[in-house]
Amino acid sequence: MTVPRKRAATIRDVAEAAQVSTATVSKFVNGNQRFTAEVEARIAQAVRQLGYSLNPMARGMITGQTGNVGIVILDIRNPYFTSLVKGAARQAASAGLNLIIADAEESTSPELGVLQSLRRRVDGLIVSARLPAPAIESLFDSGTPVVFYGRPSPYEKNHNVGCDNYAAALMLGRHLRELGHRRISYLGFSGARWSFERERGLKDAFKGVDAHFRTFDATAPSAEEGERLASTVLLSQELDDAIVTYNDLLAMGLLVEAKSLGIRVPEQVSVAGFDNLAYGRLVSPALTSVDMMGEATGELAMRKLVGVIKGQPSLHEDDVLQSRIVARESTGPRRTRVND
(Lines give C-alpha, C1' and ligand atoms only; values in the text may rest on other atoms or scores of the structure.)
Protein backbone atom coordinates (compact mmCIF):
# COMPACT_ATOMS: atom_id res chain seq x y z
CA MET A 1 0.00 0.00 0.00
CA THR A 2 1.39 3.40 -0.98
CA VAL A 3 0.95 6.18 1.54
CA PRO A 4 0.30 9.54 -0.13
CA ARG A 5 3.20 11.89 0.43
CA LYS A 6 2.26 15.17 2.03
CA ARG A 7 2.83 18.09 -0.32
CA ALA A 8 5.46 20.59 0.83
CA ALA A 9 4.12 24.05 1.56
CA THR A 10 4.69 26.64 -1.15
CA ILE A 11 5.07 30.38 -1.05
CA ARG A 12 1.50 30.63 -2.38
CA ASP A 13 0.25 28.64 0.63
CA VAL A 14 2.02 31.01 2.98
CA ALA A 15 0.61 34.04 1.18
CA GLU A 16 -2.95 32.72 1.39
CA ALA A 17 -2.61 31.85 5.09
CA ALA A 18 -1.13 35.28 5.90
CA GLN A 19 -3.60 37.10 3.61
CA VAL A 20 -0.85 38.86 1.69
CA SER A 21 0.56 38.60 -1.83
CA THR A 22 3.27 36.10 -2.80
CA ALA A 23 5.49 39.10 -3.59
CA THR A 24 5.14 40.32 -0.01
CA VAL A 25 6.09 36.89 1.36
CA SER A 26 9.08 36.69 -0.97
CA LYS A 27 10.37 40.14 -0.01
CA PHE A 28 9.98 39.38 3.69
CA VAL A 29 11.59 35.93 3.81
CA ASN A 30 14.50 37.05 1.63
CA GLY A 31 15.09 40.14 3.75
CA ASN A 32 14.56 42.56 0.89
CA GLN A 33 11.90 44.68 2.58
CA ARG A 34 10.37 45.26 6.02
CA PHE A 35 6.61 45.55 6.64
CA THR A 36 4.38 46.52 9.55
CA ALA A 37 4.70 44.45 12.70
CA GLU A 38 1.22 43.00 12.12
CA VAL A 39 2.00 41.82 8.56
CA GLU A 40 5.37 40.35 9.57
CA ALA A 41 3.75 38.52 12.49
CA ARG A 42 1.13 36.97 10.18
CA ILE A 43 3.79 35.82 7.71
CA ALA A 44 5.99 34.40 10.47
CA GLN A 45 3.05 32.49 11.96
CA ALA A 46 2.08 31.06 8.56
CA VAL A 47 5.66 29.96 7.90
CA ARG A 48 5.84 28.13 11.23
CA GLN A 49 2.42 26.48 10.95
CA LEU A 50 2.91 25.31 7.37
CA GLY A 51 6.53 24.25 7.83
CA TYR A 52 7.62 26.34 4.87
CA SER A 53 11.29 25.70 4.03
CA LEU A 54 13.31 28.82 4.80
CA ASN A 55 16.71 29.97 3.75
CA PRO A 56 19.06 30.91 6.64
CA MET A 57 18.36 34.64 6.40
CA ALA A 58 14.62 34.11 6.51
CA ARG A 59 14.91 31.70 9.41
CA GLY A 60 16.84 34.36 11.30
CA MET A 61 14.11 36.91 10.68
CA ILE A 62 11.45 34.51 11.92
CA THR A 63 13.22 33.04 14.95
CA GLY A 64 15.66 35.83 15.74
CA GLN A 65 18.55 33.34 15.45
CA THR A 66 20.91 32.36 12.65
CA GLY A 67 21.83 28.84 13.71
CA ASN A 68 25.49 29.93 13.54
CA VAL A 69 28.06 30.35 16.31
CA GLY A 70 31.55 31.77 15.95
CA ILE A 71 34.98 31.29 17.44
CA VAL A 72 37.83 33.80 17.11
CA ILE A 73 41.24 32.16 17.38
CA LEU A 74 44.52 34.00 17.70
CA ASP A 75 46.58 32.11 15.12
CA ILE A 76 45.27 29.36 12.86
CA ARG A 77 48.84 28.10 12.35
CA ASN A 78 49.21 27.30 16.06
CA PRO A 79 48.14 23.68 16.72
CA TYR A 80 46.83 24.66 20.17
CA PHE A 81 44.03 26.61 18.49
CA THR A 82 43.40 23.70 16.13
CA SER A 83 42.66 21.59 19.22
CA LEU A 84 40.45 24.35 20.62
CA VAL A 85 38.41 24.48 17.41
CA LYS A 86 38.15 20.69 17.30
CA GLY A 87 36.51 20.60 20.73
CA ALA A 88 34.21 23.52 19.94
CA ALA A 89 33.18 22.06 16.57
CA ARG A 90 32.25 18.71 18.08
CA GLN A 91 29.97 20.35 20.65
CA ALA A 92 28.45 22.73 18.10
CA ALA A 93 27.60 19.82 15.80
CA SER A 94 25.88 17.94 18.60
CA ALA A 95 23.77 21.08 19.25
CA GLY A 96 22.85 21.37 15.55
CA LEU A 97 24.80 24.60 15.07
CA ASN A 98 27.14 25.75 12.32
CA LEU A 99 30.57 26.90 13.49
CA ILE A 100 32.24 29.89 11.81
CA ILE A 101 35.97 30.33 12.49
CA ALA A 102 37.83 33.65 12.34
CA ASP A 103 41.59 34.11 12.65
CA ALA A 104 42.86 37.25 14.43
CA GLU A 105 46.43 36.47 13.29
CA GLU A 106 48.09 37.22 16.67
CA SER A 107 47.91 40.91 15.91
CA THR A 108 46.95 43.98 17.91
CA SER A 109 44.97 45.64 15.12
CA PRO A 110 42.45 43.41 13.26
CA GLU A 111 40.50 41.97 16.19
CA LEU A 112 37.89 44.73 16.33
CA GLY A 113 37.10 44.42 12.63
CA VAL A 114 36.97 40.63 12.87
CA LEU A 115 34.50 40.79 15.74
CA GLN A 116 32.31 43.45 14.13
CA SER A 117 32.05 41.41 10.94
CA LEU A 118 31.47 38.07 12.63
CA ARG A 119 28.97 39.05 15.32
CA ARG A 120 26.36 40.05 12.70
CA ARG A 121 26.32 36.49 11.36
CA VAL A 122 26.17 34.48 14.57
CA ASP A 123 24.03 33.92 17.67
CA GLY A 124 27.06 33.90 19.98
CA LEU A 125 30.85 33.99 20.07
CA ILE A 126 33.78 32.27 21.76
CA VAL A 127 36.74 34.64 21.98
CA SER A 128 40.09 34.88 23.72
CA ALA A 129 40.19 36.52 27.14
CA ARG A 130 43.36 38.31 26.04
CA LEU A 131 41.87 40.27 23.15
CA PRO A 132 42.45 44.03 23.56
CA ALA A 133 39.97 45.84 25.80
CA PRO A 134 38.42 47.96 22.98
CA ALA A 135 37.55 44.81 21.02
CA ILE A 136 35.92 43.18 24.04
CA GLU A 137 34.05 46.35 25.03
CA SER A 138 32.66 46.63 21.50
CA LEU A 139 31.48 43.05 21.74
CA PHE A 140 29.70 43.71 25.04
CA ASP A 141 28.07 46.85 23.65
CA SER A 142 26.56 44.78 20.84
CA GLY A 143 24.81 42.47 23.32
CA THR A 144 26.22 39.37 21.62
CA PRO A 145 26.34 36.28 23.91
CA VAL A 146 30.02 35.56 24.57
CA VAL A 147 32.20 32.99 26.33
CA PHE A 148 35.90 33.63 26.88
CA TYR A 149 38.61 30.99 26.62
CA GLY A 150 41.67 31.53 28.74
CA ARG A 151 41.72 33.04 32.20
CA PRO A 152 41.34 35.53 33.65
CA SER A 153 39.02 37.73 31.62
CA PRO A 154 39.66 41.46 32.11
CA TYR A 155 36.00 41.80 33.05
CA GLU A 156 34.18 40.38 36.01
CA LYS A 157 30.96 38.35 35.89
CA ASN A 158 31.54 36.84 32.49
CA HIS A 159 31.69 33.27 31.28
CA ASN A 160 35.30 32.04 31.21
CA VAL A 161 36.77 28.63 30.45
CA GLY A 162 40.40 27.55 30.67
CA CYS A 163 43.35 26.52 32.77
CA ASP A 164 44.90 28.67 35.48
CA ASN A 165 48.14 29.92 33.91
CA TYR A 166 49.72 30.79 37.26
CA ALA A 167 48.97 27.35 38.72
CA ALA A 168 50.24 25.63 35.56
CA ALA A 169 53.55 27.49 35.71
CA LEU A 170 53.88 26.87 39.44
CA MET A 171 53.54 23.16 38.74
CA LEU A 172 56.19 23.24 36.03
CA GLY A 173 58.54 25.29 38.21
CA ARG A 174 58.27 22.78 41.03
CA HIS A 175 59.07 19.99 38.58
CA LEU A 176 62.28 21.79 37.58
CA ARG A 177 63.08 22.58 41.20
CA GLU A 178 62.82 18.89 42.11
CA LEU A 179 65.28 18.13 39.33
CA GLY A 180 67.77 20.42 41.09
CA HIS A 181 67.62 23.39 38.69
CA ARG A 182 68.33 26.82 40.13
CA ARG A 183 69.32 29.01 37.14
CA ILE A 184 66.21 29.54 35.03
CA SER A 185 65.51 31.51 31.86
CA TYR A 186 61.98 32.34 30.79
CA LEU A 187 61.35 33.11 27.13
CA GLY A 188 58.02 34.90 27.32
CA PHE A 189 55.64 36.69 24.96
CA SER A 190 54.64 40.05 26.39
CA GLY A 191 51.87 40.37 23.83
CA ALA A 192 49.86 37.95 25.98
CA ARG A 193 48.65 38.65 29.52
CA TRP A 194 48.95 34.92 30.15
CA SER A 195 52.73 35.18 29.77
CA PHE A 196 53.07 37.34 32.87
CA GLU A 197 51.00 34.85 34.88
CA ARG A 198 53.24 32.03 33.71
CA GLU A 199 56.38 33.95 34.61
CA ARG A 200 55.01 34.77 38.07
CA GLY A 201 54.07 31.15 38.77
CA LEU A 202 57.45 29.94 37.60
CA LYS A 203 59.31 32.33 39.92
CA ASP A 204 57.07 31.57 42.90
CA ALA A 205 57.89 27.86 42.55
CA PHE A 206 61.47 28.65 43.62
CA LYS A 207 60.65 30.67 46.74
CA GLY A 208 62.84 29.62 49.65
CA VAL A 209 65.80 28.53 47.54
CA ASP A 210 68.70 30.48 46.06
CA ALA A 211 67.54 30.74 42.46
CA HIS A 212 68.50 33.05 39.59
CA PHE A 213 66.11 34.13 36.81
CA ARG A 214 66.53 35.75 33.43
CA THR A 215 63.64 36.87 31.22
CA PHE A 216 63.59 37.24 27.44
CA ASP A 217 60.74 38.51 25.28
CA ALA A 218 59.60 37.06 21.97
CA THR A 219 57.87 39.22 19.37
CA ALA A 220 55.66 36.28 18.32
CA PRO A 221 54.80 32.92 19.95
CA SER A 222 56.18 30.93 16.99
CA ALA A 223 58.80 28.28 16.26
CA GLU A 224 60.60 30.72 13.94
CA GLU A 225 60.93 33.21 16.79
CA GLY A 226 62.27 30.46 19.05
CA GLU A 227 64.97 29.70 16.48
CA ARG A 228 65.81 33.39 16.09
CA LEU A 229 66.25 33.97 19.82
CA ALA A 230 68.04 30.69 20.57
CA SER A 231 71.57 32.08 20.34
CA THR A 232 70.63 35.06 22.54
CA VAL A 233 69.13 32.80 25.22
CA LEU A 234 71.69 30.01 25.02
CA LEU A 235 74.96 31.91 24.42
CA SER A 236 74.54 35.29 26.13
CA GLN A 237 76.26 34.19 29.36
CA GLU A 238 76.88 31.05 31.40
CA LEU A 239 74.32 28.47 30.31
CA ASP A 240 71.31 28.22 32.60
CA ASP A 241 70.07 24.98 34.12
CA ALA A 242 66.67 25.19 32.43
CA ILE A 243 64.78 27.27 29.89
CA VAL A 244 61.00 27.61 30.00
CA THR A 245 59.16 29.10 27.03
CA TYR A 246 55.74 30.74 26.80
CA ASN A 247 54.51 27.94 24.54
CA ASP A 248 55.63 24.76 22.81
CA LEU A 249 56.22 26.42 19.46
CA LEU A 250 58.91 28.66 20.94
CA ALA A 251 60.42 25.65 22.71
CA MET A 252 60.52 23.55 19.54
CA GLY A 253 62.26 26.34 17.62
CA LEU A 254 64.76 26.63 20.47
CA LEU A 255 65.42 22.87 20.41
CA VAL A 256 66.13 22.88 16.68
CA GLU A 257 68.63 25.72 16.97
CA ALA A 258 70.25 24.31 20.14
CA LYS A 259 71.24 21.25 18.14
CA SER A 260 72.83 23.49 15.49
CA LEU A 261 74.75 25.34 18.21
CA GLY A 262 76.08 22.07 19.62
CA ILE A 263 74.19 22.36 22.93
CA ARG A 264 72.87 19.08 24.27
CA VAL A 265 69.37 18.92 25.75
CA PRO A 266 68.83 17.91 28.55
CA GLU A 267 72.46 17.02 29.38
CA GLN A 268 73.54 20.69 29.35
CA VAL A 269 70.20 22.47 29.70
CA SER A 270 66.59 21.40 30.20
CA VAL A 271 63.85 22.88 28.03
CA ALA A 272 60.09 22.95 28.66
CA GLY A 273 57.00 24.72 27.29
CA PHE A 274 53.23 25.03 27.58
CA ASP A 275 50.30 23.56 25.58
CA ASN A 276 51.39 19.91 25.13
CA LEU A 277 51.14 20.04 21.35
CA ALA A 278 51.08 16.66 19.62
CA TYR A 279 54.22 17.65 17.71
CA GLY A 280 56.10 18.02 20.99
CA ARG A 281 56.61 14.29 21.32
CA LEU A 282 57.97 14.07 17.77
CA VAL A 283 60.87 16.52 18.17
CA SER A 284 64.23 15.32 19.48
CA PRO A 285 64.44 15.21 22.39
CA ALA A 286 60.70 14.90 23.04
CA LEU A 287 59.45 18.06 24.74
CA THR A 288 58.33 18.33 28.36
CA SER A 289 55.22 20.49 28.46
CA VAL A 290 52.21 21.52 30.51
CA ASP A 291 48.95 20.33 28.99
CA MET A 292 46.68 23.40 28.82
CA MET A 293 43.67 21.29 27.75
CA GLY A 294 42.96 22.99 24.41
CA GLU A 295 40.38 20.52 23.08
CA ALA A 296 38.54 20.25 26.39
CA THR A 297 38.52 24.06 26.67
CA GLY A 298 36.89 24.40 23.25
CA GLU A 299 34.27 21.78 24.04
CA LEU A 300 33.32 23.26 27.40
CA ALA A 301 33.30 26.82 26.05
CA MET A 302 30.86 25.82 23.31
CA ARG A 303 28.64 23.96 25.79
CA LYS A 304 28.50 27.11 27.93
CA LEU A 305 27.82 29.31 24.89
CA VAL A 306 24.86 27.16 23.83
CA GLY A 307 23.47 27.55 27.34
CA VAL A 308 23.94 31.32 27.27
CA ILE A 309 22.19 31.59 23.89
CA LYS A 310 19.26 29.55 25.19
CA GLY A 311 19.05 31.68 28.32
CA GLN A 312 19.91 28.79 30.61
CA PRO A 313 21.66 29.89 33.81
CA SER A 314 25.23 28.73 34.31
CA LEU A 315 26.11 27.23 37.67
CA HIS A 316 29.65 28.59 37.41
CA GLU A 317 30.63 31.72 35.52
CA ASP A 318 34.27 30.53 35.57
CA ASP A 319 35.16 26.94 34.71
CA VAL A 320 38.77 26.08 35.52
CA LEU A 321 40.22 23.01 33.83
CA GLN A 322 43.06 21.16 35.52
CA SER A 323 46.39 21.40 33.70
CA ARG A 324 48.99 18.64 34.01
CA ILE A 325 52.71 18.17 33.38
CA VAL A 326 53.74 15.79 30.63
CA ALA A 327 57.40 15.06 31.43
CA ARG A 328 59.49 13.89 28.48
CA GLU A 329 63.17 13.70 27.52
CA SER A 330 63.85 17.46 27.21
CA THR A 331 64.08 17.87 31.00
CA GLY A 332 66.48 16.02 33.26
CA PRO A 333 68.49 16.41 36.49
CA ARG A 334 70.69 19.48 36.86
CA ARG A 335 74.17 19.00 35.50
CA THR A 336 77.15 19.10 37.88
CA ARG A 337 79.04 22.38 37.67
CA VAL A 338 82.75 22.75 38.16
CA ASN A 339 82.30 25.24 41.01
CA ASP A 340 79.61 23.22 42.78
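Residues numbered from 1 in each chain as written. Predicted model: local features only at pLDDT ≥ 70, side-chain atom pairs only at ≥ 80, totals over all residues. Heavy atoms only, no water.

Just give me the short version of helix H8 (residues 165-178), but keep the residues and values in it.
For H8, which comprises 14 residues, the first-to-last C-alpha distance of 20 Å matches the rise-based estimate of 20 Å (1.5 Å per residue) to within 8%. Taken together, the buried positions of H8 are Asn 165, Ala 168, Ala 169, Leu 170, Leu 172, Gly 173, His 175 and Leu 176. Considering only its buried residues, H8 is in contact with strand S5 (160-163), helix H9 (193-204), strand S8 (242-245), strand S9 (270-274), strand S10 (288-291) and strand S12 (324-326). Between the side-chain oxygen of the N-cap and the backbone nitrogen of Tyr 166 there are 3.0 Å, and the N-cap of H8 in question is Asp 164. One or two steps after H8, the chain reaches Gly 180, where phi turns positive at roughly 95°. (Helix = DSSP H or I, 4+ residues; strand = E, 2+ residues; numbered from the N terminus. Expected span 1.5 Å × (residues − 1). Buried < 20%, exposed > 50% of the residue type's maximum accessible area, 1.4 Å probe, protein only. Contact = heavy atoms within 4.5 Å. Polar contact = N/O pair within 3.5 Å; in protein donor to acceptor, adjacent residues only side chain to side chain.)

Just give me the short version of the pattern of salt bridges, but keep the residues and values in it.
The tally for this structure, following the rule as stated, stands at 14 salt bridges. The salt bridge partner of Glu 38 is Arg 42, with a shortest N-O separation of 3.3 Å. Of this pair, Glu 38 and Arg 42 are both found in helix H3 (residues 37-50), four residues apart, which corresponds to roughly one turn of the helix. With relative accessibility at 56%, the residue Glu 38 sits in the exposed group. Exposure remark for Arg 42: the relative accessible area of 26% places this residue in the partly exposed category. In this structure, the salt-bridge partner of Lys 304 is Asp 319, at a minimum N-O distance of 2.9 Å. Note that Lys 304 is positioned in helix H12 (residues 294-309) and Asp 319 in strand S11 (residues 318-321), a separation of 15 residues in sequence. We note that Lys 304, like Asp 319, is buried. Sharing partners across several salt bridges, the network here consists of Arg 90, Glu 295, Glu 299 and Arg 303. (Salt bridge = Lys/Arg side-chain N within 4 Å of Asp/Glu carboxyl O.)

An account of the packing of aromatic side chains is needed here, citing residue identities and associated values.
Counting across every chain of the model gives four aromatic pairs. Both rings, one in Tyr 80 and one in Phe 81, keep their centres 5.3 Å apart while their planes meet at 80°; by these two values the pair is edge-to-face. Both residues of the pair, Tyr 80 and Phe 81, belong to the buried class. Considering the side-chain rings of Phe 189 and Tyr 246, the 5.8 Å spacing of their centres and the 55° angle between planes classify their relative orientation as tilted. With Phe 189 in the loop between strand S6 (183-188) and H9 and Tyr 246 in the loop between S8 and helix H11 (248-260), the pair connects residues that are 57 residues apart, well separated along the chain. Considered together, Phe 189 and Tyr 246 belong to a single accessibility category, that of buried residues. Among the aromatic side chains, those forming a connected cluster through ring pairs are Tyr 80, Phe 81 and Tyr 149. Note that Arg 198 overlies the ring of Phe 274, its terminal NZ or CZ placed 4.7 Å from the centroid. (Phe/Tyr/Trp six-rings, centres within 6.5 Å; stacked < 30°, edge-to-face > 60°. Lys NZ or Arg CZ within 6 Å of the ring centre and 35° of its normal.)

Residues and numbers for helix H2 (residues 22-29), please.
Looking at H2, one finds that the buried residues are Thr 24, Val 25, Phe 28 and Val 29. Around the axis of H2, the buried residues are gathered within 115° of arc, so they sit on the same side. (Arc of directions from axis to C-beta.)

Hey, could you go over the packing of H2 against H3 for me, with residue numbers and the actual values?
It is the contact of H2 with H3, at a shortest axis distance of 11 Å, that shows an interaxial angle of 90°. What the angle tells us is that H2 and H3 run roughly perpendicular. Seen from H2, the contacting residues are Thr 24, Val 25 and Phe 28; seen from H3, they are Val 39, Glu 40 and Ile 43. For the contact of H2 with H3, the per-class residue count stands at four nonpolar, one polar and one charged. (Axes fitted to C-alpha atoms, helices over the stretch in contact; angles between N-to-C directions. Parallel < 35°, antiparallel > 145°, perpendicular 65-115°, else oblique. Nonpolar A, V, L, I, M, F, W, Y, C, P; charged D, E, K, R; others polar.)

How would you sum up the nonpolar core? Please name residues and give values.
Ranked by size, the top nonpolar core spans 82 residues in total, and within it Val 72, Val 127, Tyr 149, Leu 234, Phe 274 and Met 302 carry the most contacts. Listed in part, the 12 residues of the second largest apolar core include Ala 15, Val 29, Ala 46 and Val 47. (Core = buried A, V, L, I, M, F, W, Y, C linked by side-chain atoms within 4.5 Å.)

Describe unusual backbone geometry, and please don't skip the residues or the numbers.
The omega torsion of the bond from Val 265 to Pro 266 falls at 10°, within 30 degrees of zero and hence cis. Cis peptide bonds are those with omega within 30 degrees of zero, and the linkage from Ser 284 to Pro 285 qualifies with -5°. Tracing the backbone through its elements, the reader meets Pro 285 in the loop between S9 and S10. We note that Asn 276 has phi near 55°; this positive angle belongs to a residue other than glycine. Inspection of the secondary structure assignment puts Asn 276 in the loop between S9 and S10. Under the relative-accessibility criterion, Asn 276 is labelled buried at 17%. Even without glycine at this site, Met 293 takes up a positive phi of about 55°. In this structure, Met 293 sits in the loop between S10 and H12. Since its relative accessible area comes to 23%, Met 293 is described here as partly exposed.

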